[in-house]
There are 4 protein chains.
Amino acid sequence: MVKVGIVGGTGYTGVELLRLLAQHPEVQLQAITSRKEAGMPVSDMFPSLRGRVGLKFVEPGDAGLSSCDVVFFATPNGIAMQETRALLEAGVRVIDLAADFRIKDAALWEKWYGMQHACPDLIAEAVYGLPEINREKIKGARLIANPGCYPTAAQLGFLPLIETGLADVTHLVADCKSGVSGAGRKAEVGALFSEAADNFKAYAVPGHRHLPEIRQGLELVAGKAVNLTFVPHLTPLIRGIHATLYVRLTGAVDLQAIYEKRYANEYFVDVLPQGAHPETRSVRGSNLCRIAVHRPQGGDIAVVLSVIDNLTKGAAGQAVQNMNIMFGFTESMGLQQIPLLP
Amino acid sequence: MVKVGIVGGTGYTGVELLRLLAQHPEVQLQAITSRKEAGMPVSDMFPSLRGRVGLKFVEPGDAGLSSCDVVFFATPNGIAMQETRALLEAGVRVIDLAADFRIKDAALWEKWYGMQHACPDLIAEAVYGLPEINREKIKGARLIANPGCYPTAAQLGFLPLIETGLADVTHLVADCKSGVSGAGRKAEVGALFSEAADNFKAYAVPGHRHLPEIRQGLELVAGKAVNLTFVPHLTPLIRGIHATLYVRLTGAVDLQAIYEKRYANEYFVDVLPQGAHPETRSVRGSNLCRIAVHRPQGGDIAVVLSVIDNLTKGAAGQAVQNMNIMFGFTESMGLQQIPLLP
Amino acid sequence: MVKVGIVGGTGYTGVELLRLLAQHPEVQLQAITSRKEAGMPVSDMFPSLRGRVGLKFVEPGDAGLSSCDVVFFATPNGIAMQETRALLEAGVRVIDLAADFRIKDAALWEKWYGMQHACPDLIAEAVYGLPEINREKIKGARLIANPGCYPTAAQLGFLPLIETGLADVTHLVADCKSGVSGAGRKAEVGALFSEAADNFKAYAVPGHRHLPEIRQGLELVAGKAVNLTFVPHLTPLIRGIHATLYVRLTGAVDLQAIYEKRYANEYFVDVLPQGAHPETRSVRGSNLCRIAVHRPQGGDIAVVLSVIDNLTKGAAGQAVQNMNIMFGFTESMGLQQIPLLP
Amino acid sequence: MVKVGIVGGTGYTGVELLRLLAQHPEVQLQAITSRKEAGMPVSDMFPSLRGRVGLKFVEPGDAGLSSCDVVFFATPNGIAMQETRALLEAGVRVIDLAADFRIKDAALWEKWYGMQHACPDLIAEAVYGLPEINREKIKGARLIANPGCYPTAAQLGFLPLIETGLADVTHLVADCKSGVSGAGRKAEVGALFSEAADNFKAYAVPGHRHLPEIRQGLELVAGKAVNLTFVPHLTPLIRGIHATLYVRLTGAVDLQAIYEKRYANEYFVDVLPQGAHPETRSVRGSNLCRIAVHRPQGGDIAVVLSVIDNLTKGAAGQAVQNMNIMFGFTESMGLQQIPLLP
């Protein structure tokens, strides 16, 4: 059994981590921290967990995190980087669900996140936790930068075409749509039901923090600079991301075969049959990414459709997948929930 | 391993049965029938099941149902009664998720369902599959009438007050609200997104088929006639039933204690702490019923709030619970999914 | 032309007032105040008003309210009572959309609203602005207490049976469901999309502030104490209230005729044909209340279904209706929008 | 007063036409036809119209259409082309909300719509009813091909860049999202609430009928072939289309100025300030198109965001706008509804 601590469990990635870890056969939930809610039973805040999670929120200082085997940070950006060094030095592995260790260029991170980085040296050590790219590195990692939700859906969709050199990387478009849970469990007017329901809009078109993360991932694979236009949208669902990717092809190609081959051995990536259109609910509550690829009207543009549950494969599920790899468990352990449909 | 057949698996109770049974450690899915879709892989219709259910829909005649240990009917009303006798005679147990065997008075059934009953003698044998009332009878049953969704939520809410004789049964009110999946996966204008979203309405106020079913259940417990007003409403959620029950109390009573005692040993009934308000999402995708009980302004009216997922505890989950009891499995086997929140 | 000021226009009743008043042929919008947003063009906050409302929010002190003919308060409870006396003394009429002047018994108000009332003497003068009851008093009023949303739907539904003495007022039940806009445009976790969507729950069952308001209205008509159980619920729509009312009848009665007669001359109350079920979207964006009345199974319980748009007939629309009456305009002036369906 | 007939009024464009025409000061509604519902009062099907539309559906033969001044076809594709010639010969003007006359190349139309065209000669006469392009031709037209919903949003967004020659037309991308009412009021499983709610998906990626319509419009303006990738998506809203358009710029350009200048005199096109993101609800129930234009990260890709209400500017509202132009009324007459927000 692995002893697990969670820092900052009052948000949506926190409750999703709890849902998954409470069902994981090799996990012993040790502590979950919240300064604000210390003393409150977790199941008072999240009644879905009644009878399944007996913990109360505790002050970080009382959580005994240094005696855990692994600590998940489900905190706002900028928290994990303050506390990671001490945990690592105590022999605790760390999985950060926030963005603190995702961008390798500290200066670039500081520009996009608007704060100084507390431990640039640890960025170098951190492994970007996208198992479909970095599985081997994850196995031995002490510190995982768990990918963002948009970056997971977009990279898994783009990768096969970039790895094979078939994409014109000077003109990539990622038109992405997210459910509202991506905005977190924060009291903000824009995420109110009466604002977000029966409504659709783009946001952050001039620049979204996931742009440098996706670009970094694609450039590592491409081996050169890529030109990516990334437009996120808010759509009235709770969970789900749909990435629609537009790639100009540089040559003749059997798209379907390339995708099927690339992901043939991936438990959590499902390439749909030719002509299909994945829908977000087909992965709701699961750690799956489903992908379909099209070439409309026989033209030179490939359209890749990639869907995930932003809270699962886009956050907590992928974090558990990383934990499984780090600790030598079967990669799908505790992550075999069948999507909830309808 | 129990060999399981499903008759009529193209609706929402069908896909929910498949989701649950595919994860059940003691179940071997043998066949699922659909005249209309015979030959189609189940996962083509329900992509959530890709990689998890390999079956194709088959013609009923090709399903080998008589070699199953148990057959679930997830069919429209009036089908199961045609086929049950032959299955029972072949030694197959039957769980009917439709209404064919729910009403003990065949004439009453025929009045409400508008057709002649094909086997009134089997009605007598059938056990009403509400485990919290009929657990012992279910153990030995060959034929289970799986309760309706509204009747499950309403009866579990009313029972403690009626069993203890504290309810004035001459004036019971059940104001119930259902998600749209309760209308089934049928192409009908009234269940279209553009009709049902951002909208709320009552329906069938003059009389709904679940009225006689709830009344029968309450009268069996009360030992006398009850006067029940039942009003169902359609609310824009996918899954979930919320029953708000109004009961005039006949004497002084510690409501909270009565409910907690009644359900102390029930795995799937969760009595919330005093003052709580259960929400439908707290049971989404799970077999739980959560109940809270109030006495507003210290008056003589008890208000009972009871929530279930209409497709799980209100249909497929309860059917699997019944199967577990019938075959001597742990009652919660395969039914321990943590509700999906948010 | 009537010169109109609005105090506190950044909430949903504010933007609804603006929508209606901007289209009203006899209204000149003079000023709209917001301490927090002073200087911001109204249409920056509410892009639906671009090109239609040219005002900026102003500080209350700069609004010239005392030169208006009428001032609407679309403020939280407790604001209007601070400012009304000065306006009345300046000859300005006041319509308060909050609750400050709704409850005639100041001590009762203070108990439910948790603050001391600033001007109990003005409560006596204030006219409760439900035109279907108080039209004559509204004509000459200086100060209108605009009714709450639940109280409007519930009272219009109950009234015909109470006025005719046919209701057993010792046991009234009002089971009411509101869209989320009723919670206002406030940043609160409970009203987030990811909390309120695909979810249904009761709230405030022990006691909601609209209980004494409804009871007061019914008792005035009944001429005696009434016993009312009122349970509000939150349902995932933006706009709309559905009141389901249960009334024990004290005698034989032609329900349909009573309701049709009572509201025969009311422009904004529409009694549906026998057997109908009103839906909230049938009044979306309009000032209408639609009502149907049933007597299920020929029993002694009348079930009344009453729907309004909580922001229109339940707030801003009724306020404009009151203004029309006060200033001698046609009662429906500026309020003839056809509901938006679908 | 203009005498108006509607053919096929039982769908969503039908009820939207009725909502708009019933409030139009120069319209006299003469007849609305439906073979299937002949005899039913319109307001029985659409209770939002109670008290406002007194007509019953009539058989086409009983509608007296040839004595109307103008007839709107709110029918499935392929109906209007059967009946238009007779109406034109009777001196009646025709506005077809379906696709029968939108594509100038009859062979192309037949390929995409899968039927033979009944009157190719009338295609030549028909004027494509996008007023922002064709206002002068509309004035004198007998026959209007009212544009599709996606084509309206997409063309209005693309036009300024194509007219000015600043777009690289060899690589245009239109990623479009539609509310579910775009699927019509037809009983189809895919449009059920329980299928479409809390879900997002692309559809018809290999080829959608609006592709040739958009392309035709753009090529007319560009004066050459354009290469357009068009991907439609279904998003869980009732009304609304959001087009996200990606255009490679061929030179330096003040995007904001170009768009503001192009639409400076258009009543129904609103160019938002620099940096804005239009949301679909900001046009809900109105005939407006709101547009914002971005150049993310100072690159060579312009991102244009264009929103309309698919039933209003995308269908019935634009049809009424065309009628206003044809009959010399003020273009905005009867179309000044302020969008319903929230």
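What you see as residue numbers is a count from 1 along each chain, following the sequence as written. Chain A is the first chain written and ligand 1 is the first ligand written, with later ones labelled in order. The predicted nature of this model means local features are confined to residues of pLDDT at least 70 and side-chain atom pairs, given and counted, to a pLDDT of 80 or more, with totals for whole chains, interfaces and linings taken over all residues.

Chemist: It is not clear to me how the overall build of chain A should be interpreted in this structure. Could you clarify?
Modeler: Check the secondary structure of chain A and you find 11 helices and 14 strands. Atoms counted for the radius of gyration: C-alpha only. Globule rule: 2.2 Å times the number of residues to the power 0.38. What you see for chain A is a C-alpha radius of gyration of 19 Å, in line with the 20 Å of a compact globule of 342 residues. Overall, chain A is about 60 × 45 × 40 Å in size when its C-alpha atoms are taken along their principal axes. Two residues form a contact once the distance between their C-beta atoms, set from the backbone, is within 7 Å. Contacts in chain A between residues at least 24 apart in sequence constitute 70% of all its contacts with a sequence separation of at least 6. Helix and strand assignments follow DSSP, with helices taken as H or I runs no shorter than four residues and strands as E runs no shorter than two, numbered in order from the N terminus.

Chemist: So what exactly am I meant to see when it comes to the environment of Gly 114 of chain D here?
Modeler: Mapped onto the elements, Gly 114 of chain D comes out in the loop between helix 4 (106–113) and helix 5 (120–125). Any residue surrounded by 20 or more other C-beta atoms within 10 Å of its C-beta is treated as buried, while 12 or fewer makes it exposed and the intermediate range makes it partly exposed; C-beta atoms here are placed from the backbone. The class of Gly 114 of chain D is exposed, set by 10 C-beta atoms lying within 10 Å.

Chemist: Explain the packing of helix 7 (residues 149–163) of chain B against helix 11 (residues 312–326) of chain B here, please?
Modeler: Relative placement of two packed helices is described by the angle separating their axes and the distance separating the axes. Residues and elements named next belong to chain B. At a closest axis distance of 8 Å, the pairing of helix 7 and helix 11 adopts a crossing angle of 100 degrees. In terms of orientation, helix 7 lies roughly perpendicular with respect to helix 11. Along the contact surface, helix 7 presents Cys 149, Thr 152 and Ala 153, while helix 11 presents Lys 313, Gly 314, Ala 315 and Gln 318. Split by residue class, the contact of helix 7 with helix 11 holds 3 nonpolar, 3 polar and 1 charged. For helices, the fitted line uses only the C-alpha atoms of the stretch in contact; every axis is such a line through C-alpha atoms, and the angle between N-to-C directions lies from 0 to 180 degrees. Note on angle classes: values under 35 degrees are labelled roughly parallel, values over 145 roughly antiparallel, values of 65 to 115 roughly perpendicular, and the remainder oblique. Each residue receives one of three labels: charged for Asp, Glu, Lys and Arg, nonpolar for Ala, Val, Leu, Ile, Met, Phe, Trp, Tyr, Cys and Pro, and polar for the others, Gly being one of them.

Chemist: Any chance you could explain the sheet that holds strand 7 (residues 143–145) of chain A here in plain terms?
Modeler: Either a parallel or an antiparallel arrangement is found when strands of a sheet pair, and the pairing is made through backbone hydrogen bonds. All names here are of chain A. A pair of strands is treated as paired once DSSP finds two or more bridges between them. One open sheet holds the 7 strands; their spatial order is 3-2-1-4-5-7-6, and the pairing between them is parallel. Among the strands making up the open sheet, the edge pair consists of strand 3 (57–58) and strand 6 (127–128). Seen against the sheet, helix 1 (residues 12–21) touches strand 1 (2–7), strand 2 (27–33) and strand 4 (70–73) and runs at an angle of roughly 165 degrees to strand 1.

Chemist: Would you take a moment to explain the interface of chain A and chain B for this structure?
Modeler: Size of an interface: often given as the accessible area lost when the parts come together. Listed as interface residues are 23 residues of chain A and, on the opposing side, 23 residues of chain B. Ranked by residue count, the leading element in the side of chain A that touches chain B is helix 1 of chain A, at 3 residues. The class makeup of the residues in the side of chain A that touches chain B is 12 nonpolar, 6 polar and 5 charged.

Chemist: What is the right way to look at the confidence of the model for chain A in this model?
Modeler: The predicted structure's coordinates, where accompanied by low pLDDT, should not be read in detail. The pLDDT value tells you how sure the predictor is about a given residue, anywhere from 0 up to 100. Looking at chain A as a whole, the pLDDT averages 97, with 100% of positions reaching at least 70. Model confidence for the complex: the whole-complex pTM is 0.98, and ipTM, which rates the interface, is 0.97.

Chemist: I'm lost on the environment of Ser 66 of chain D in this one. Help?
Modeler: Residue and element names in this part refer to chain D. Position of Ser 66 relative to the elements: it lies in the loop between strand 3 (57–58) and strand 4 (70–73). Each C-alpha atom, one on Ser 66 and one on Leu 228, is 41 Å from the other, the two residues being 162 residues apart in sequence. Ignoring sequence-local partners within four residues, the contact set of Ser 66 consists of Leu 87, Ala 90 and Val 92.

Chemist: Just checking my understanding: could you explain the relation of the copies chain A and chain D for this structure?
Modeler: Think of it as a corkscrew move, a rotation about one axis and a shift along it, taking one chain copy to the other. Each copy of the sequence occupies a distinct position, and chain A is placed on chain D by a rotation of 180 degrees and an axial shift of 0.0 Å, giving an RMSD of 0.0 Å. The symmetry that links the two subunits is that of a two-fold axis. Minimal C-alpha separation from the rotation axis in chain A is found for Pro 236 of chain A, amounting to 3.1 Å. When the interface residues of chain A are mapped onto chain D, 100% of them again lie at the interface, so the same face is used by both copies. Alignment of the copies relies on least squares applied to C-alpha atoms, considering only residues that score at least 70 for pLDDT in both.

Chemist: What exactly am I supposed to notice about the sheet that holds strand 9 (residues 201–202) of chain B here?
Modeler: Residue and element names in this part refer to chain B. If you walk across this open sheet you meet the 7 strands as 9-10-8-11-14-13-12, and the pairing is mixed. The open sheet has two edge strands with one neighbour each: strand 9 and strand 12 (269–271). The pairing of strand 8 (residues 172–178) with strand 10 (residues 228–234) spans 7 bridges and is parallel. Within strand 10, the residue paired with Cys 176 across the bridge is Pro 232.

Chemist: What am I meant to see in the relation of the copies chain A and chain B here?
Modeler: Overlay of chain A on chain B (RMSD 0.0 Å): rotation 180 degrees, translation along the axis 0.0 Å. An overlap of 100% is found between the interface residues of chain A and their copies at the interface of chain B, pointing to a shared contact surface.

Chemist: How do you make sense of the interface of chain A and chain D when you look at a structure like this?
Modeler: Counting residues at the interface gives 41 residues for chain A, matched by 41 residues for chain D. Where the side of chain A that touches chain D is concerned, the elements lending two or more residues are strand 8 (172–178), helix 8 (193–196), strand 9 (201–202), strand 10 (228–234), strand 11 (241–248) and strand 14 (301–308) of chain A. Of the residues that constitute the side of chain A that touches chain D, the class distribution is 17 nonpolar, 16 polar and 8 charged.

Chemist: Before we go on, may I ask you to explain the domain arrangement of chain A in this structure?
Modeler: All names here are of chain A. Where each domain starts and ends comes from a domain assignment, either automatic or drawn from a database. If you check the domain split of chain A, you get domain 1 (2–125) and domain 2 (150–310). Each side of the interface is counted separately: domain 1 has 10 residues, and domain 2 has 7 residues. Of the residues belonging to the side of domain 1 that touches domain 2, the class tally is 6 nonpolar, 2 polar and 2 charged.

Chemist: Honestly, helix 1 of chain A in this entry has me stumped. Any pointers?
Modeler: Helical periodicity: at 3.6 residues per turn, an α-helix aligns residues three or four positions apart in one direction. Among the 10 residues of helix 1 of chain A, 10 are classified as buried, and the element is accordingly described as predominantly covered. Burial in helix 1 of chain A covers these residues: Tyr 12, Thr 13, Gly 14, Val 15, Glu 16, Leu 17, Leu 18, Arg 19, Leu 20 and Leu 21 of chain A. Tucked inside the fold, the buried residues of helix 1 of chain A contact strand 1, strand 2, helix 2 (42–45), strand 4 and helix 11 (312–326) of chain A together with helix 8 (193–196) of chain C.

Chemist: Sorry if this is basic, but what is going on with unusual backbone geometry here?
Modeler: Backbone phi values are negative for most residues with the exception of glycine, while trans is the configuration of most peptide bonds. Cis geometry is adopted by the peptide bond preceding Pro 342 of chain A, which originates at Leu 341 of chain A and carries an omega value of 0 degrees. Tracing the chain through its elements places Pro 342 of chain A in the segment after helix 11. Unlike most non-glycine residues, Asp 198 of chain B shows phi in positive territory, near 50 degrees. Among the structural elements, Asp 198 of chain B can be located in the loop between helix 8 (193–196) and strand 9.

Chemist: Just checking my understanding: could you explain the pairing of strand 14 (residues 301–308) of chain D for this structure?
Modeler: The side chains of a regular strand alternate between the sheet's two faces. Residues and elements named next belong to chain D. Burial analysis of strand 14 places 8 of its 8 residues in the buried class, the great majority of the element. Alternating residues of strand 14 divide into Ile 301, Val 303, Leu 305 and Val 307 and Ala 302, Val 304, Ser 306 and Ile 308, and every residue in both groups is buried. Judged from the 6 bridges that link them, strand 13 (residues 289–294) and strand 14 form a sheet pairing that is antiparallel. Paired with Ala 292 across the bridge in strand 14 is Leu 305. Taking the residues that link successive antiparallel strands as the turn, the strand 13-strand 14 hairpin has 6 residues, and the phi of Gln 297 there is positive, at about 55 degrees.

Chemist: What's the story with the packing of helix 1 of chain A against helix 11 of chain A in this structure? I'm lost.
Modeler: Residues and elements named next belong to chain A. It is the contact of helix 1 with helix 11, at a shortest axis distance of 9 Å, that shows an interaxial angle of 45 degrees. Taken together, the axis directions place helix 1 and helix 11 in an arrangement best described as oblique. The two elements helix 1 and helix 11 cross, and the hand of that crossing is right-handed. Across the interface between the two elements, Thr 13, Glu 16, Leu 17, Leu 20 and Leu 21 from helix 1 touch Thr 312, Ala 315, Ala 316, Gly 317, Ala 319 and Val 320 from helix 11. Per-class residue counts for the contact of helix 1 with helix 11 are 7 nonpolar, 3 polar and 1 charged. Helix crossings are classified by the rotation of the near helix relative to the far one: an anticlockwise turn of less than a right angle makes the crossing left-handed, while a clockwise turn makes it right-handed.

Chemist: Which parts of the structure should I look at to understand the pairing of strand 5 (residues 93–96) of chain D?
Modeler: Residue and element names in this part refer to chain D. Across the two faces of strand 5 the burial is the same, with Arg 93 and Ile 95 and Val 94 and Asp 96 all buried. Note that strand 4 and strand 5 share 4 bridges and pair parallel. Directly across from Val 70, in strand 5, lies its bridge partner Arg 93. For the crossover from strand 4 across helix 3 (residues 80–89) to strand 5, the handedness is right-handed. Crossovers are described as right-handed under a simple rule: with the strands pointing away from the observer, the path leading from the first strand over the helix to the second runs clockwise.

Chemist: How should the environment of Ile 103 of chain D be read in this particular structure?
Modeler: All names here are of chain D. In this structure, Ile 103 sits in the loop between strand 5 and helix 4. For the pair Ile 103 and Arg 142, spaced 39 residues apart in the sequence, the C-alpha separation amounts to 17 Å. Setting aside residues no more than four positions away along its own chain, Ile 103 makes contact with Leu 108, Trp 109, Pro 212, Glu 213 and Gln 216.

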